[in-house]
Amino acid sequence: SVRGYNRHGYEFLKKFGVDNFGEVDFRAIRINKMPSRFRKKPLPTIKRTYAACTADGREFRFHRNTLDLFKEAVSNEPGLCDQVTYTEEPMYAPEHVGLKVLPKWTPRELQIPLIAYFNSPGSSKILNLQTGQGKTYCSLTSSAHYGERLTICIESRFFNLWAEALDPDSDKQVLDLKKEEVLWIQGSKDLKALLQLAQTNQLDGIKVIVVALRTMANYIETYTRFGEDMLSIYPVLPIDFYKVTKTGTALKDEVHLSLYANYMEELFSHVPRRFSLSATLEDGSFKDKIFGIMFPMDQRFDAGPLKQYIDVTALKYR
């Protein structure tokens, strides 16, 4: 989070964001009813920028993993390098809720190193593993290892899949939970109610919170529009969401989907531990650069070569 700058600083920050995190749209602009020899070559436009600035221009936000890049850019900017000071926000103490895995579950041989990876030191972990290998089980088992309150932020269309891992009526339940120990948050009304309960210390007994990604995105967009004036709408600022709910682990599934919303969520969050899951992390597009920022290669787990389930045989006939 960058604040307290002058006009020079504002222009520098804006350029820094666009130059380094702007997604360029190279699609040609079609000009109807004009011969091709007279058509102007369209200039590339910025589709979106993976950085944030409040509507009043008083605050910029960049991903924490780009801090070194930011420091280098500032050091090369005359008139700014002597004006910037850096402070680090201390981490809060999360709530220990005693998460446990049901005794019927034991890890398969493949899953043992995956769980060890999640349990190793580090504030951010990414597991890029193909479908069916147990991403959900491994992440929940490691969440239980820490025993602290778990907040899952996913697209609402995946609620039913995660309900199978959390609902006591499901044969696929992984964590030892009762229905009343899980809160499902979808929509601003639910989110406001959650924050009000958290502010008044009424989350005792709640072990897992599941929040729709769109709900979280709307919450963050409200802050970028109104700044701290958003407190008249939501009782807690996004940067304090995990602190107020006393979350120990934040978990995201299918992080490659709705990448922009997932990226923004990281810009406006402060949490001790983050687990991210995906089966399709890279696709050769601009997204790979963003994935490289969110999940540096040295923080990833190498799950080995893709396990092949399907083969193709060419058959000639006449």
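See the structure shown above.
Residues numbered from 1 in each chain as written. Predicted model: local features only at pLDDT ≥ 70, side-chain atom pairs only at ≥ 80, totals over all residues. Heavy atoms only, no water.

Caption draft 1: Structural context of the overall build of the chain. The number of helices and strands found in the chain is ten helices and eleven strands. Projected onto its principal axes, the C-alpha coordinates of the chain cover approximately 75 × 70 × 40 Å. Looking at the 318 residues of the chain, the share that counts as buried comes to 43%. As displayed, the chain offers around 18,400 Å² of accessible surface, 52% of which is attributable to carbon and sulfur atoms. (Helix = DSSP H or I, 4+ residues; strand = E, 2+ residues; numbered from the N terminus. Buried < 20%, exposed > 50% of the residue type's maximum accessible area, 1.4 Å probe, protein only. Areas by Shrake-Rupley, 256 points an atom, 1.4 Å probe, with all protein chains shown as cover.)

Caption draft 2: Just the pattern of salt bridges, in detail. In total, this model carries 17 salt bridges according to the counting rule given. Linking glutamate 266 and arginine 274 is a salt bridge whose minimum nitrogen-to-oxygen distance equals 3.8 Å. Given the relative accessible area of 4%, glutamate 266 is considered buried. Within this structure, Arg3, Glu59, Arg61 and Glu228 form a network of salt bridges that share partners. (Salt bridge = Lys/Arg side-chain N within 4 Å of Asp/Glu carboxyl O.)

Caption draft 3: View of the nonpolar core. Within the largest apolar cluster, 82 residues are counted, with the highest numbers of intra-cluster contacts made by Phe62, Ile152, Leu175, Val208, Tyr219 and Phe241. Sequence-distant contacts of phenylalanine 62, that is, excluding residues within four places in its chain, are made with Val2, Leu13, Phe16, Gly17, Phe21, Ala51, Phe70 and Leu267. (Core = buried A, V, L, I, M, F, W, Y, C linked by side-chain atoms within 4.5 Å. Contact = heavy atoms within 4.5 Å.)

Caption draft 4: How the structure looks around unusual backbone geometry. Backbone geometry places glutamate 254, a non-glycine residue, at a positive phi of 50°. With respect to the helices, strands and loops of the structure, glutamate 254 is situated in the loop between strand 10 (249-252) and helix 9 (259-267). Since its relative accessible area comes to 18%, glutamate 254 is described here as buried. Of note, serine 258 is a non-glycine position whose phi angle comes to about 50°, a positive value. Relative to the elements of secondary structure, serine 258 occurs in the loop between strand 10 and helix 9. A relative accessible area of 36% places serine 258 in the partly exposed class.

Caption draft 5: Spatial organisation of helix 4 (residues 135-146). Counted at 1.5 Å a residue, the expected span for helix 4 with its twelve residues is 16 Å, and the 17 Å between its end C-alpha atoms agrees. Of all the residues in helix 4, the buried ones are Lys135, Tyr137, Cys138, Ser139, Leu140, Thr141, Ser142, Ser143 and Ala144. Along its buried surface, helix 4 packs onto helix 3 (111-119), strand 6 (124-128), strand 7 (150-154), helix 5 (159-166), strand 10 and strand 11 (273-278). Following helix 4 by one or two positions, glycine 147 has its phi on the positive side, about 75°. (Expected span 1.5 Å × (residues − 1).)

Caption draft 6: Structural detail: empty space enclosed by the protein. The full count for this structure, using the stated rule, is one cavity of 30 Å³ or more. Taken as a whole, the largest cavity spans an internal volume of roughly 40 Å³. What lines the largest cavity is simply Met216, Tyr219, Ile220, Pro238, Phe241, Tyr242, Glu265, Phe268 and Ser269. Of all the elements in the fold, those that place two or more residues in the lining of the largest cavity are helix 7 (213-226) and helix 8 (241-244). Looking at which element gives the most residues to the lining of the largest cavity, the answer is helix 7, with three residues. Residues of the lining of the largest cavity, tallied by class, amount to seven nonpolar, one polar and one charged. (1 Å grid on protein atoms, 1.4 Å probe; cavity = no way out; pocket = protein on both sides within 12 Å on 5 of 7 lines; lining within 4 Å. Points joined across faces, edges and corners; volume = space filled by probe spheres on them. Nonpolar A, V, L, I, M, F, W, Y, C, P; charged D, E, K, R; others polar.)

Caption draft 7: Spatial organisation of the sheet that holds strand 7. Read from one edge to the other, the open sheet built from six strands follows the order 6-11-10-7-9-8, with strand pairing classed as parallel. Strands with a single pairing partner mark the edges of an open sheet, and in this sheet they are strand 6 and strand 8 (182-185). Strand-to-strand twist of the sheet, defined as the mean angle between neighbouring strand axes without regard to direction, takes the value 15°. The sheet contact formed by strand 7 and strand 10 spans four bridges and is parallel. Pairing of leucine 150 across the sheet is with threonine 249, part of strand 10. Against the sheet, helix 7 makes contact with strand 7, strand 8 and strand 9 (208-212), and its axis sits at roughly 75° relative to strand 9, the strand it touches most. (Pairing = 2+ DSSP bridges. Axes fitted to C-alpha atoms, helices over the stretch in contact; angles between N-to-C directions.)

Caption draft 8: Quick peek at the sheet that holds strand 4 (residues 52-53). As summarised here, the arrangement of the three strands in space is 1-5-4, forming an open sheet in which the pairing is antiparallel. Strand pairing shows two members of the sheet lacking a second neighbour, strand 1 (2-3) and strand 4, which therefore form its edges. Bridging between strand 4 and strand 5 (residues 59-61) involves two bridges; their strand directions are antiparallel. Each residue of the ladder has a partner; that of alanine 52, found in strand 5, is arginine 61.

Caption draft 9: A look at the packing of aromatic side chains. Inspection of the entire model under this criterion finds 23 aromatic pairs. With centroids separated by 6.4 Å and ring planes inclined at 55°, the aromatic side chains of phenylalanine 12 and phenylalanine 70 adopt a geometry described as tilted. Placement of phenylalanine 12 in helix 1 (residues 7-21) and of phenylalanine 70 in helix 2 (residues 67-75) is noted, with a sequence separation of 58 residues between them. Take phenylalanine 12 and phenylalanine 70: they sit in the same class, and that class is buried. Taking the centre distance of 5.3 Å and the plane angle of 55° together, the rings of phenylalanine 159 and tryptophan 184 count as tilted. Taken together, the residues span a long stretch of sequence, with phenylalanine 159 in helix 5 and tryptophan 184 in strand 8 at a distance of 25 residues. With a relative accessible area of 12%, phenylalanine 159 lands in the buried category. (Phe/Tyr/Trp six-rings, centres within 6.5 Å; stacked < 30°, edge-to-face > 60°.)

Honestly, that's just the spatial picture; any functional story needs more than this.
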